[in-house]
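Each chain, letter by letter, is given below.
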Amino acid sequence: MMRTRAVIAVVVMLGAVFACSGPAQAVTVSTIELLEDGEKFAGQEVTVVGELVGDYGFRSDGSMWTQLNSDSYAIRPIVEGGPLRGSNVGIGIRMPAEFASDLDPAGRYRLVGPVVSVTGIWRYHDAKRQGETFLDVASFTLQAPGRDLAEHPDWVVYGVALVSALIAGVVAFGYIRKRDTK
Amino acid sequence: MLIRPAADDLRTIGSALGRILLVVAAASLIPIGWAVAGQEWNPLGSFLLMLSVFVLVGVTLLRVSLAPRSKISTDQRHLDWGHGMVVVALTWLIVPLIGSIPFVLSGHYASIVDAYFDAMSGLTTTGLALVQDLDHLASSLNFWRHLLHFLGGQGIIIAALLLFGGRGMMTLYRGEGRDDQLLPSVRSTARAIWAIAMIHLAVGVVALGAVAWIVLGFSWQRSLFHGLMIFFAAFDTGGFAPQSTSLAYYHSAIFESVTAVLMVAGALSFAFHFRLWAGVNRAWKPAFARFRARVAALFSRTDGEEALSGDDWRPGDRRADGSFSLFENLETRSILATFLATMMFTMVGLAVLGIYTSVAGLSRQGFFQILSAHTGTGFATVPSAELARWTGLAFGGMAIAMALGGMASSTAGGVKALRVGLTVRAITDEVRNDLLPEGALVDTGYYQFGRHRLTPEVARSAMVVSLLFVALFLLGTGVAISYGVPLEQALFESVSAGASVGLSVGVTSPAMPVVLKLTYIFQMYLGRLEFVAVFVLIGFVYSMVRGR
């Protein structure tokens, strides 16, 4: 398990380095930079590395919309014992549908989505889409495939639930008996 | 002299509280079913624990209420006004406490306070959230967050009324900040409210799900999931969303439009809904009758129009029951006026700031955010960091819209349109009275589902609650400022918490100080119950300690 995590971490870091030396003029940024100072990158070509989460929305115009998160949960999710590092930091991305045809499912519960490096134009308050902000992806590299996460049932919780249910049952029985005798 | 509550008072309260907790326990079977269907075993364990705690506390209270020394039997015992207020105030403290158990056990919260914060935010239909890594949260837990909106918005108490009814139960209904009795009995009123909610649920989920499936291209299962979650949050003016980017996740004007309709529906009072439905029913009744008659005529070869001879109703008639006088209501006029004014402020402010370069962008983003603020929903299509840059007039418009809120007896929070209308009316009447010659009579009548007179008592009540809301907003602002939050952001977040809105400029985060979290919890609680029930609870506890 530790080895897998280490491999993913290295892949993500290499991805970032690769992205830096990739397409000309593309600046490598994080989603937090785009969210906090989006105007600075408006209309620029940027590269972002992160996990695809949520859904893949394949629209009739041939585009696919999804969410890309650059946060620690892509490497160590909470289900795997990863640390709490605050809220997710995600942006909307649009890409040609064919880019997404072979992708693993997007990240959600017990599922880490594919980690990708995407390069495209940062559409900040795009006039054509009535002020929406998103990354219009032109090129795309898969950094790490999606993966399933194992979840082990917490038997202590089940045990406590069972004990409290038994106590509740006894109290309820006592209540019904007493009410009926009254 | 304060009178210490008698043991029978405590048993009466315990009995009602116990029943309500059993209603919530029954509701918690839904996420249990969801977790089983989704094979989410750890959340299932936490839901089972929550269920057993709800049942345990509920039946223990019922058991205690049957103590042998009680002079009054359960059947004879009924709630008076004070009991009802205490029950409501305690319900809204205990339900989020037990309801936060699955959140605590999920590992997505840094502390019990954070989990309680989210449960209170869900139940009070606020929508501020401290959950971490929401995008990987189990779907059953996500469902529970949104179901809390539905339970809080439609009213746990109303569900209890529907099941138990009984003498004195109307006081519980009023304790939740509702005051419109749609039908003669409490139970029929509760049934009408739930019927309205269920019809909206069916239509809303289908509409949102269809847009998600057809337009957004989601799988049908996920479309249904998103439709259900967004419906709960929109119709109950909650503001939680299944993804961390809120409504911006969908990147769709159509999806936002359907959501906006549901947000507006949620901000309307149930009395408004009820009369609207009655009016629509009457308007369509002749058309249905005509259609039926024509179909019958096709087969029986009789004149179909004759079947309508007995119905002299014409569309556009003003009905005696006011079904076509909704736009004459003081509340309707008040909310339309404040919505237009705050929208204008916000739009002009955004134009001055130059945040949006296109009219379409300004209109869509500005309109959605202001609608979300005024209805008390709290959905956002822009990130909180960007919302923090909406300064000047845009900030003023948003803050005022959040503070004013929706209609009375709706799921929205804030001062409420009726109180705003009554306060403005009282002030204008006073000014008119001063300007007119001595002895001149000023018409103090106003229309709200019928003619009423604006008495000094009604005006005072509206003004007192409005002032209490201002004090509540200032409290949260002061605490946030003491932690170094800039004034504008502190005020925005405080109004958002106190008026049960849920929009955030980034102050609300897991990293904020515990005292500020507790302050916002208190604001959400007090704002949702509109003070009275909480004050009665404080008085009750005080009289238990100091009374004789």
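Residues numbered from 1 in each chain as written. Chains lettered and ligands numbered in written order. Predicted model: local features only at pLDDT ≥ 70, side-chain atom pairs only at ≥ 80, totals over all residues.

1. Observations regarding the overall build of chain A
When its secondary structure is counted, chain A shows three helices and eight strands. Start at the N end of chain A and walk to the C end: the helices and strands fall as α-β-α-β-β-β-β-β-β-β-α. Relative to its 182 residues, chain A shows a buried fraction of 39%. Within chain A, counting contacts between residues at least 6 apart in sequence, those at least 24 apart form 65% of the total. (Helix = DSSP H or I, 4+ residues; strand = E, 2+ residues; numbered from the N terminus. Buried ≥ 20, exposed ≤ 12 C-beta atoms within 10 Å, placed from the backbone. Contact = placed C-beta atoms within 7 Å.)

2. Overview of the overall build of chain B
Counting secondary structure elements, chain B contains 22 helices and two strands. Expressed as a percentage of the 548 residues in chain B, the buried residues total 55%. Once local pairs closer than 6 in sequence are excluded, the contacts in chain B between residues at least 24 apart make up 74%.

3. Observations concerning the interface of chain A and chain B
If you look at the interface, chain A gives 49 residues, while chain B gives 54 residues. Looking at the side of chain A that touches chain B, the elements that each hand over two or more residues are α2 (31-36), β2 (45-58), β3 (63-69), β4 (90-96), β7 (132-144) and α3 (155-181) of chain A. For the side of chain A that touches chain B, the element with the highest residue contribution is α3(A), accounting for 14 residues. For the side of chain A that touches chain B, the per-class residue count stands at 23 nonpolar, 16 polar and ten charged. (Nonpolar A, V, L, I, M, F, W, Y, C, P; charged D, E, K, R; others polar.)

4. Brief notes about the packing of helix α10 (residues 186-215) of chain B against helix α12 (residues 253-267) of chain B
Residues and elements named next belong to chain B. In contact at an axis separation of 9 Å, α10 and α12 are set at 170° when each is read in the N-to-C sense. With respect to each other, α10 and α12 are oriented roughly antiparallel. Touching H200, G204, A207, L208, V211, A212 and V215 of α10 are I254, F255, V258, L262 and A265, all from α12. (Axes fitted to C-alpha atoms, helices over the stretch in contact; angles between N-to-C directions. Parallel < 35°, antiparallel > 145°, perpendicular 65-115°, else oblique.)

5. What about the domain arrangement of chain B?
Residues and elements named next belong to chain B. Taken domain by domain, chain B consists of domain 1 (1-178 + 530-548), domain 2 (270-326) and domain 3 (341-512). Residue-level contacts link five residues of domain 2 with four residues of domain 3. Looking at side-chain class alone, the side of domain 2 that touches domain 3 contains three nonpolar, one polar and one charged residues. (Domains from an automatic or database assignment.)

6. Description of unusual backbone geometry
Residues and elements named next belong to chain B. Even without glycine at this site, T125 takes up a positive phi of about 55°. Along the chain, T125 falls in the loop between α6 (112-123) and α7 (139-154). On the neighbour-count criterion, T125 (33 C-beta atoms within 10 Å) is buried. Positive phi, close to 55°, is recorded for S246, a residue that is not glycine. Inspection of the secondary structure assignment puts S246 in the loop between α11 (220-235) and α12.

7. Quick notes on the packing of α11(B) against α12(B)
Residues and elements named next belong to chain B. Two numbers describe how α11 lies on α12: the axes approach to 7 Å, and their chain directions differ by 40°. Compared by their axis directions, α11 and α12 come out oblique. Across the interface between the two elements, I230, F231, A234 and F235 of α11 pack against T259, L262, M263, A265 and G266 of α12. A class-by-class count of the residues in the contact of α11 with α12 yields seven nonpolar, two polar and no charged.

8. Observations concerning α10(B)
Between its terminal C-alpha atoms α10(B) stretches 42 Å, which fits the 44 Å expected from 30 residues at 1.5 Å a residue. V186(B), T189(B), A190(B), I193(B), A197(B), G204(B), V205(B), L208(B), G209(B), V211(B) and A212(B) are the residues of α10(B) that are buried. (Expected span 1.5 Å × (residues − 1).)

9. Details of the nonpolar core
Counting residues in hydrophobic clusters, the biggest one holds 174 residues, and the most contacted among them are V24(B), F54(B), A89(B) and M402(B). Those residues in contact with F54(B), other than ones at most four positions away along the chain, are L21(B), V24(B), A25(B), S28(B) and I98(B). If you look at the next biggest cluster of nonpolar residues, it comprises 28 residues, including V49(A), Y56(A), A100(A) and A144(A). (Core = buried A, V, L, I, M, F, W, Y, C linked by C-beta atoms within 7 Å.)

10. Describing helix α18 (residues 417-435) of chain B
Residue and element names in this part refer to chain B. Under the 1.5 Å per step criterion, the end-to-end length of α18 is 27 Å for 19 residues, consistent within 8% with the ideal 27 Å. Within α18, the full set of buried residues consists of A417, L418, R419, V420, G421, L422 and A426. Buried residues along α18 sit against α14 (330-353), α17 (392-404) and α19 (456-482).

11. Digging into the pairing of β2(A)
Residue and element names in this part refer to chain A. Summarising burial for β2: twelve of the 14 residues are buried, a large majority. Two strands pair when backbone bridges link them, and strand β1 (residues 27-28) and β2 are joined in this way by two bridges, in the parallel orientation. In the sheet register, V27 faces β2, and the bridge partner there is V46. Inspection of the sheet shows β2 paired to strand β6 (residues 115-126) by seven bridges, in the antiparallel sense. Its bridge partner being in β6, V49 is matched across the sheet by S117. Turn length for the β2-β3 hairpin, with the two strands adjacent in sequence and antiparallel, is four residues, and the turn residue G62 shows positive phi of about 85°. (Pairing = 2+ DSSP bridges.)

12. Structural notes on the pairing of β4(A)
Strand residues, when the strand is regular, have side chains that alternate between the two faces of the sheet. Residues and elements named next belong to chain A. In terms of residue burial, β4 counts as a mostly covered element, since six of its seven residues are buried. Sheet topology places β3 next to β4; seven bridges connect them, and they run antiparallel. Counted as the bridge partner of Q67 is G92 from β4. Direction of pairing for β4 relative to β7: parallel, over a ladder of two bridges. Paired with I93 across the bridge in β7 is L135.

13. Digging into the confidence of the model for chain B
All names here are of chain B. When the pLDDT values of chain B are averaged, the result is 87; 86% of them are 70 or greater. Considering each helix and strand of chain B separately, the mean pLDDT is smallest for helix α9 (residues 170-175), with a value of 68, and largest for α6, with 98. Ignoring residues within four places in sequence, the model shows residues 301-323, a span with pLDDT below 50, making 28 contacts including any to other chains. (pLDDT = per-residue confidence, 0-100.)

14. Topic: the environment of S121(B)
Along the chain, S121(B) turns up in helix α6. Aside from chain neighbours lying at most four places away, what touches S121(B) is T126(B), G127(B), L128(B), A129(B) and M524(B).

15. Brief notes about the environment of P96(A)
Residues and elements named next belong to chain A. Relative to the elements of secondary structure, P96 occurs in strand β4. With 13 C-beta atoms counted inside 10 Å, the residue P96 sits in the partly exposed group. The spatial distance from the C-alpha of P96 to the C-alpha of F58 is 9.1 Å, given a sequence separation of 38 residues. Among residues more than four places away in sequence, those in contact with P96 are G62 and S63.

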